[in-house]
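Spelled out from the first residue to the last, the chains are:
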Amino acid sequence: MITAAQMRAARALLGIDQKKLAELAGVSLPTIQRMEASAGNVRGVVDTLIKVVEALDRAGIELLSDNQPSHSGGRGVRLKETADHAQV
């Protein structure tokens, strides 16, 4: 669903810290810290993962999964072209 590297990259694109992501997602800071410390795919309660992914989506992040069209393949993140980033 999302990798720890994608979470860190998404935060970097948004210019937010772990605390702000926790607030946006409605989860605790230690939860975000554990998720980002994961190796590979983030593991956790499905509802919590959904909250984080939805918060990133609302903030203007598009998660790219394996096999999703891109110039060089692989996973990644990008800012949506029409996103209003002032809400972050």
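Every value quoted in this text rests on a predicted model; they were computed, and no experiment measured them.

On to the nonpolar core, then. Of all hydrophobic cores here, the largest spans 21 residues; its most connected members are Met7, Ile32, Val52 and Leu56. Broken down by secondary-structure element, the contributors of at least two residues to this core are helix H1 (4-14), helix H2 (18-25), helix H3 (29-36) and helix H4 (46-58). With 5 residues, H4 is the largest single contributor of residues to this core. Contact partners of Leu56, with chain neighbours within four places excluded, come to Ile2, Ala10, Leu14, Leu21 and Ile61.

Okay, the confidence of the model for the chain next. Of the residues in the chain, 77% have a pLDDT of 70 or more, and the chain-wide mean is 84. At the level of individual helices and strands, the chain shows its lowest average pLDDT in strand E2 (residues 76-79), which scores 70, and its highest in H2, which scores 98.

Next up on the list: H4. For H4, which comprises 13 residues, the first-to-last C-alpha distance of 18 Å matches the rise-based estimate of 18 Å (1.5 Å per residue) to within 8%. Those residues of H4 that are buried lie in contact with H1, H2, H3 and strand E1 (61-64).

Scoring rules and cut-offs
- Residues numbered from 1 in each chain as written.
- Predicted model: local features only at pLDDT ≥ 70, side-chain atom pairs only at ≥ 80, totals over all residues.
- Heavy atoms only, no water.
- Core = buried A, V, L, I, M, F, W, Y, C linked by side-chain atoms within 4.5 Å.
- Buried < 20%, exposed > 50% of the residue type's maximum accessible area, 1.4 Å probe, protein only.
- Helix = DSSP H or I, 4+ residues; strand = E, 2+ residues; numbered from the N terminus.
- Contact = heavy atoms within 4.5 Å.
- pLDDT = per-residue confidence, 0-100.
- Expected span 1.5 Å × (residues − 1).

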